[in-house]
Structures are given as C-alpha cells and as structure tokens.
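Take a look at the letters that make up each chain.
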Amino acid sequence: MVLLRNRVFNFPVSLSLGTFIKHIERASNLKPTITTRRFASTKSSIVNASHFDTLNPLQKQQVQLYIDSLLDWNQKMNLTAVKEASDVMDRHIEDSLSIIPPIQSSYISHCESSFENLNLVDVGSGAGLPGLILAIACPGWEVTLLESLNKRCIFLEHAVGLIGLSNVKIIRGRAEDVGQNQEFREVFDVAVARAVAEMRILAAEYCLPLVRVGGLFVAAKGHAPQEEVERGKRAISLMGASLLETCNVNSHSPYGQRTAIICLKHQPTPNKYPREPGTPAKSPL
C-alpha cells in the first residue's frame, strides 16, 4: 500500500513525484505524456451544466484542467470509456457534483459534526470520480482517494498537482487491506463510491469499515437500485450500519435518473471484516 502526498509506504519518505513515477514505470512499462489543452476545448460543453454553474471561477478553471488532463491521459491508458469533453461533463462531473446536496442534508440531520470540514474517502476512485471533483467543489474537506491500480494513481497524482489541490491524499491499495489498517479504519466521516460493486460488497467490506461510528456511507447508483439495496441490507447491518435513505439525485445528466443510497454507521465494524482481498467479491455476505 502506498499513500501519496503525505507519506509514502514502501518508498523513501523524501521520494519526489518524478522518482516515484520512474519506479512505477519500471513495474508497469507505462510512460505518461502530458499535453496541454486550451480551456476552450471544454467550455462549450459546460455552459448548461447547472451544478458546474454553482462553482466559483477558480473551481471552474480547476474542473476544466481536470477534464483536459483526463482526456489527454486517456489516450495512453484506460481511464474512462468517455472520449469527448461534453460527455465527461454529463457523465462524470455533473454526477459527481450532484451527490453533494444529499451528503449535506443527511450529514447535517444525523451526524454530530460540521459539514464544512469533512474527512471523506472515495473508495475505488479510478480517475478521481467523484472524490477529486468533490475536493474541488468543497475545499474545506479533506479528501482521500483510494485506488488499487498504479497507473491510475500516477494520473491522480498528476491531476492533483496540476490543479493545485492541497486537500487531497492518494492511497494505492485494496479496500480490504486498507480497512484493516488501524491508521485508516473507522476514521472517515463519509465514504463515497461510484460504479465500484454491488451494495452487499461495496457497502459492507469495501467502505463501511473505513467510516467512523456516527458517519455516513454514500453510494452513487443508477435509477432503479431497489433490488440491489434489499440484497445488501444484511451485509450493511453486519458492518454496524443501517440504511438511512435512498434519494433521487438531480444530476442534470441525459443518462437517466441517479440515486444516492445513504447508510448511517451506529456501531463499530467487527474486527473480522473486511475479509481477505478478493473474498468479498467471491463470497458476498
């Protein structure tokens, strides 16, 4: 497991980003290239994006930098199936921003802490969605991006540095391992996940072990997750949590209604969870 931007495990603490990338390149034969785009390449696609319109000028510029960087790097590695800036906005940016209101509403109503200074983890962050976008929109939050693949972590490190975010950490590791690490277990106010796995795997052993008692887990799902939620209720309970609410999300995306599934953690997760890496997916609770 490697934690970037604050501390590095398995590498010297003083390791620079350039040296880190050289280490990863030797392991993966991956050499990232950086192409600078003008903001005009994405401006036309974001004019009608209402969540984007709520951001201030600096945040809008940071989102534009992220989109350009994502599309550049996507030519060299598989970060997203989306190839156009307009689709990145519709499918990724708007969806990521749309979960902020339900997080805010549930956290203010049920959690005894300030919403303005959340400690949040994005599990299975991939290309930084939704966590990196949340870090842009909510600069008072401390956001941790948890991702298991080296090449994606390289992109995330590049994007965070390019955008100039000081409130983001990147952990390279599997959720099952990180959930058993006492430095990260049950320390986060909120865990979020988008398009990672079904609820009985995702909520139970990937996310809830990382959430503090009294915190929230929020899963971004499609328009009809009811059956999946029902299958996941037992696993959620075993992790010390309960289903708080399932709410429709106003994402302003042309790809249909989205849903935020929100769980409240009310007691510690038993020490035996999460199980060994790979076990949750093979044998869901």
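Residues numbered from 1 in each chain as written. Predicted model: local features only at pLDDT ≥ 70, side-chain atom pairs only at ≥ 80, totals over all residues. Heavy atoms only, no water.

**Q** How should I be thinking about the overall build of the protein in this particular structure?
**A** Per the secondary structure count, the protein includes twelve helices and eight strands. Put simply, the protein has 285 residues, and 54% of those count as buried. In the protein, the proportion of contacts linking residues at least 24 apart, taken out of those at least 6 apart, comes to 71%. As displayed, the protein offers around 12,500 Å² of accessible surface, 47% of which is attributable to carbon and sulfur atoms. (Helix = DSSP H or I, 4+ residues; strand = E, 2+ residues; numbered from the N terminus. Buried < 20%, exposed > 50% of the residue type's maximum accessible area, 1.4 Å probe, protein only. Contact = heavy atoms within 4.5 Å. Areas by Shrake-Rupley, 256 points an atom, 1.4 Å probe, with all protein chains shown as cover.)

**Q** Explain the confidence of the model for the protein to me, please; I cannot follow it from the model alone.
**A** Detailed reading of the predicted coordinates is not advisable wherever pLDDT is low. Of all residues in the protein, 80% attain a pLDDT of 70 or more, and the chain-wide mean is 83. Predicted confidence for residues 6-49 stays below pLDDT 50, and this span has 67 contacts to residues more than four positions away or in other chains. (pLDDT = per-residue confidence, 0-100.)

**Q** Sorry, what's going on with the pattern of salt bridges here?
**A** A side chain with one charge can pair with a side chain of the opposite charge if their charged atoms come near. This model, assessed by the stated rule, comprises twelve salt bridges. The closest approach of N and O atoms between Glu-147 and Arg-152, which form a salt bridge, is 3.7 Å. Classification of Glu-147 by relative accessible area gives buried; the value is 4%. Taking the shortest distance from any N to any O, the salt bridge between Arg-174 and Glu-176 comes out at 3.3 Å. (Salt bridge = Lys/Arg side-chain N within 4 Å of Asp/Glu carboxyl O.)

**Q** What should I look at first to understand empty space enclosed by the protein in this one?
**A** Where empty space is left can be seen by rolling a probe of water-molecule size over the atoms. According to the stated counting rule, one finds one cavity of 30 Å³ or more in the structure shown. A volume near 60 Å³ is recorded for the largest cavity. What lines the largest cavity is Asp-95, Ser-98, Ile-99, Arg-194, Ala-220, Lys-221, Val-249, Arg-258, Thr-259 and Ala-260. Mapped by element, the contributors of at least two residues to the lining of the largest cavity are helix 5 (85-98), strand 6 (211-221) and strand 8 (258-265). (1 Å grid on protein atoms, 1.4 Å probe; cavity = no way out; pocket = protein on both sides within 12 Å on 5 of 7 lines; lining within 4 Å. Points joined across faces, edges and corners; volume = space filled by probe spheres on them.)

**Q** How should I be thinking about the side chain of Arg-172 in this particular structure?
**A** Of note, Arg-172 is situated in strand 4 (residues 168-172). Within the buried core, Arg-172 has no salt-bridge partner, and the shortest N-O distance to an opposite charge, that of Glu-147, equals 9.3 Å. A distance of 2.7 Å separates a polar atom in the side chain of Arg-172 from a polar atom in the side chain of Asn-150. (Lys, Arg positive; Asp, Glu negative; His and termini not counted. Polar contact = N/O pair within 3.5 Å; in protein donor to acceptor, adjacent residues only side chain to side chain.)

**Q** How should I be thinking about unusual backbone geometry in this particular structure?
**A** One can expect most non-glycine residues to show negative phi and most peptide bonds to be in trans. Residue Pro-130 is reached from Leu-129 by a cis peptide bond, and omega for that bond is 5°. Relative to the helices and strands, Pro-130 resides in the loop between strand 2 (119-123) and helix 7 (131-137). With an omega of 0°, the peptide bond running from Tyr-273 to Pro-274 counts as cis. Mapped onto the elements of the fold, Pro-274 is located in the loop between strand 8 and helix 12 (279-282). Although it is not a glycine, Glu-186 adopts a positive phi angle of roughly 55°. Looking at where Glu-186 falls in the secondary structure, it is placed in the loop between helix 9 (175-178) and strand 5 (188-194). Classification of Glu-186 as partly exposed rests on a relative accessible area of 23%.

**Q** Looking at this model, I keep getting lost on helix 5. Mind explaining?
**A** Taking 1.5 Å of rise per residue, the 14 residues of helix 5 would be expected to cover 20 Å, and the 18 Å separating its terminal C-alpha atoms lies within 8% of that figure. Judged by how many residues are buried, helix 5 sits mostly within the fold: ten of 14 residues are covered. Restricting attention to buried positions, one finds in helix 5 the residues Ala-85, Val-88, Met-89, His-92, Ile-93, Glu-94, Asp-95, Ser-96, Leu-97 and Ser-98. (Expected span 1.5 Å × (residues − 1).)

**Q** What am I meant to see in the environment of Tyr-107 here?
**A** Its location among the elements puts Tyr-107 in helix 6 (residues 100-110). Overall, Tyr-107 belongs to the buried group, its relative accessible area being 0%. Residues Tyr-107 and Gly-215, 108 residues apart in the sequence, show an inter-C-alpha distance of 7.8 Å. When sequence neighbours within four positions are dropped, the list of residues in contact with Tyr-107 reads Ser-113, Ser-114, Phe-115, Leu-118, Asp-189, Val-190, Arg-212 and Leu-216.

**Q** Got a minute to help me understand the environment of Leu-71 in this structure?
**A** Tracing the sequence through the fold places Leu-71 in helix 4 (residues 57-74). With 14 residues separating them in the primary sequence, Leu-71 and Ala-85 have C-alpha atoms 7.5 Å apart.

**Q** I keep staring at the state of the cysteines and nothing clicks. Help me out?
**A** Here is the idea: a disulfide is a covalent bond, and it sits between the sulfur atoms of two cysteines. On inspection of all chains with the given rule, the structure shows zero disulfides. Free of any disulfide, Cys-263 has its nearest cysteine sulfur in Cys-207, 9.5 Å distant. (Disulfide = S-S within 2.5 Å.)

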